[in-house]
Amino acid sequence: MKKILFVENRYRTGVWMCLASALRKDGYEIRWIVENHLFAPGPEYGPALVIPYPSEKDLEKAEPYQSQYLPSSDRAINYFGLRDTRHYGYYFAAIRAYLEKEKPDVVFGESTAFHELICIDVCRRLGILYLHPSTCRYPTGRFAFYRYNTLEPWGGSNETLEDAAAQAQIDAIAARAVIPDYMKKKKVSFRTRMERLSDLLFLCRCYYGGEHYHTPSPFRKVCLDRKLKQWISRWDQAVRQKFSAIEGNAVKILYPLQMQPEANLDIWGNPYRNQAALISEILAHTPDDVLLVVKANPKTKYEFTDELLELVETRERIIPVPRNLSMGAVLPKVQLVITVTGTIAIECILSGKPVLTLMKTLNNTVPACPYLEHISRLPEYLDQIREGTFPLASPREKIDFLNLLNRTSYPGYPYENILRDPEEQAKIIKAIRNVLE
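Residues numbered from 1 in each chain as written. Predicted model: local features only at pLDDT ≥ 70, side-chain atom pairs only at ≥ 80, totals over all residues. Heavy atoms only, no water.

Moving on: the pattern of salt bridges. All told, the structure shown has 26 salt bridges when counted by the stated rule. Between Asp121 and Arg125 there is a salt bridge, and its shortest N-O distance comes to 3.1 Å. Placement of both Asp121 and Arg125 in helix α6 (residues 114-126) is noted, with a separation of 4 residues, approximately one turn of the helix. Overall, the relative accessible area of 19% leaves Asp121 in the buried class. For Arg125, a relative accessible area of 45% puts it in the partly exposed group. When the shortest N-O distance is used, the salt bridge between Glu424 and Lys427 registers 2.9 Å. (Salt bridge = Lys/Arg side-chain N within 4 Å of Asp/Glu carboxyl O. Helix = DSSP H or I, 4+ residues; strand = E, 2+ residues; numbered from the N terminus. Buried < 20%, exposed > 50% of the residue type's maximum accessible area, 1.4 Å probe, protein only.)

See below:
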């Protein structure tokens, strides 16, 4: 009999509870680690370690937790004003003791909150498999189990598409006739506004109930959102002053900003999470006659900073893109795309647009998507662009690449939708059973 442990992550915990119920019926033992007490599952879902919020005495007694990676990945530190990291050692000791005692075969959780990242570290040390179920972007309607805090998929359905079906999907992606599931906009209604208000009030309860390490203070959140409006205004002003330069004949590189805080960049692309510094480095390693087109994320959040806005406003070679302008309208105007871990890499491979990635993933198995290990090598690829020798994927390579993404993923969307859609729920449970078997 296998023992499975789930790691609480606010509302995602409801999804874990749904899966835990099904797996318990299969005979699996279920365990939990809970950081936010108000999201703890009931005892009918299996025994849980609900880690007490630490007192000042607990923090003083805790052994220091040495990690260069965690502070740079922790959204509470990077965005929400937390300065003290003594709680790392306290949670590390509690999580390690529990995992050593329970010895789960597999841990399921996200890789976003500090306690999940600590759990991932402990799992690595103890040789326990940690899996993060998350959308795989393309093909749509599918997800993968990512190992630990990486974009490396574990397992997969081994399903392949017939060439004609694969080509139809490739054509739709290249024409931007389909978009990844996570990019689909939710309809705003009175009900969704009330749900959002209820959520904010509940998170206030969490904060004032003692959860200070993942939940921002209401005051800090209000200040951040006010600041974001100022940043957006500055961006829009810079667009009015500079965007017309995109019509010139200069070689142009596109860098699409990735939303933050998100695991996609803060965790999976951690070395490049400071996007202002990355943009400066790209400019430093490109000739003066090359322009850098910077596109804002459609769901603009805290990736905007004073440092980034100052760069956009003052550096002549940066062209900011209007926030409501589609990627389809921008791509024909640039010769090369650079991304860290963005979905744009897949879209470029399948549409024949030169692209480089700064983190190594499945995308780099295709020669048409080189891994840019050092930004200092960027001029080599610019020379290839000018000479017309940059490698582009053949029709066969595109089909094989799409099937690689298909084989290493499963049908389904493992989020709150499974709580109201029995068919989607069945898909996710089937995929988990496949991984466990």
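Let us keep going from here.
The subject of this paragraph is helix α14 (residues 344-351). Of all 8 residues making up α14, 7 are buried, and the element is well covered by its neighbours. Looking at the buried residues of α14, the elements they touch are α7 (163-174), β8 (251-256), α13 (327-330), β11 (336-339), β12 (355-357) and α16 (395-407). Residue Gly352 follows α14 closely and has a positive phi angle near 80 degrees. (Contact = heavy atoms within 4.5 Å.)

A word on unusual backbone geometry. Most peptide bonds adopt trans geometry, and most residues besides glycine take a negative phi value. Look at the link from Tyr138 to Pro139: it is a cis peptide, with omega at -10 degrees. Here Pro139 shows up in the loop between β5 (129-135) and β6 (142-147). Omega for the bond connecting Gln260 with Pro261 falls within 30 degrees of zero, at 0 degrees, which places this linkage in the cis form. Along the chain, Pro261 turns up in the loop between β8 and α10 (263-266). Here the phi dihedral of Arg10 falls at roughly 45 degrees; this positive angle occurs in a residue that is not glycine.

Here the focus is the sheet that holds β8. An order of β10-β9-β8-β11-β12 is seen for the 5 strands of this open sheet, with the pairing classed as parallel. The open sheet has two free edges, formed respectively by β10 (318-321) and β12, since each of these has just one partner strand. Within the sheet, the average angular offset between the axes of one strand and its neighbour, ignoring direction, is 25 degrees. Looking at chain direction, β8 and strand β9 (residues 290-295) are connected through 6 bridges and run parallel. In the sheet register, Ile253 faces β9, and the bridge partner there is Leu292. Relative to β10, helix α9 (residues 218-242) is tilted by about 115 degrees, and along the sheet it contacts β9 and β10. (Pairing = 2+ DSSP bridges. Axes fitted to C-alpha atoms, helices over the stretch in contact; angles between N-to-C directions.)

Another point: the environment of Ile179. Along the chain, the position of Ile179 falls in the loop between α7 and α8 (190-208). The spatial distance from the C-alpha of Ile179 to the C-alpha of Thr300 is 17 Å, given a sequence separation of 121 residues.

It is worth spelling out α16 at this point. Its 13 residues give α16 an end-to-end C-alpha distance of 18 Å, which sits within 8% of 18 Å, the value for a rise of 1.5 Å per residue. Within α16, the full set of buried residues consists of Lys398, Ile399, Phe401, Leu402, Asn403, Leu404, Leu405 and Asn406. (Expected span 1.5 Å × (residues − 1).)

The next subject is the packing of α9 against helix α12 (residues 306-314). The description of two packed helices rests on the angle between their axes and on the distance between the axes. Where α9 contacts α12, the axes come no closer than 10 Å and their chain directions differ by 10 degrees. With respect to α12, the element α9 is oriented roughly parallel. In this structure, α9 uses Lys227, Trp231, Arg234, Trp235, Ala238 and Lys242 to contact α12, whose residues at the interface are Asp306, Leu308, Leu309, Glu310, Val312 and Glu313. Tallied by class, residues from the contact of α9 with α12 come to 6 nonpolar, no polar and 6 charged. (Parallel < 35°, antiparallel > 145°, perpendicular 65-115°, else oblique. Nonpolar A, V, L, I, M, F, W, Y, C, P; charged D, E, K, R; others polar.)

Trp235, Ile279, Phe304, Leu308 and Leu378 are the most contacted members of the largest nonpolar core, which totals 75 residues. Ranked by residue count, the leading element in this core is α9, at 7 residues. Once you skip the residues sitting within four places of it in the chain, Leu378 turns out to touch Ile253, Ile282, His285, Thr286, Leu336, Ile338, Leu356 and Leu372. If you look at the next biggest cluster of nonpolar residues, it comprises 66 residues, including Leu19, Ile30, Phe145 and Tyr146. (Core = buried A, V, L, I, M, F, W, Y, C linked by side-chain atoms within 4.5 Å.)

What follows concerns the environment of Ser244. Of note, Ser244 is situated in the loop between α9 and β8. Residue class for Ser244 comes out exposed when judged on its relative accessible area of 61%. A C-alpha to C-alpha distance of 31 Å links Ser244 and His374, two positions 130 residues apart in sequence.

All right, on to the packing of aromatic side chains then. Tallying each qualifying case throughout the model produces 24 aromatic pairs. Centre to centre, the rings of Phe80 and Tyr302 are 6.5 Å apart; their planes meet at 90 degrees, and the pair counts as edge-to-face. Note that Phe80 is positioned in the loop between α4 (75-78) and α5 (87-102) and Tyr302 in the loop between β9 and α12, a separation of 222 residues in sequence. A centroid spacing of 5.2 Å and a plane angle of 85 degrees characterise the contact between Tyr207 and Tyr208, whose relative ring orientation is edge-to-face. Since its relative accessible area comes to 18%, Tyr207 is described here as buried. Members of the aromatic cluster, each reached through a chain of ring pairs, are Phe6, Trp16, Trp32, Phe108, Phe143, Phe145 and Tyr410. (Phe/Tyr/Trp six-rings, centres within 6.5 Å; stacked < 30°, edge-to-face > 60°.)

Moving on, we come to a nonpolar patch on the surface. On the surface, a cluster of nonpolar side chains totalling about 430 Å² of accessible area is made up of Phe190, Met194, Leu197 and Leu201. Within the fold, Phe190 resides in helix α8. (Patch = residues over 30% accessible without salt bridge, like charges linked within 9 Å, V, L, I, M, F, W, Y side chains within 5 Å. Areas by Shrake-Rupley, 256 points an atom, 1.4 Å probe, with all protein chains shown as cover.)

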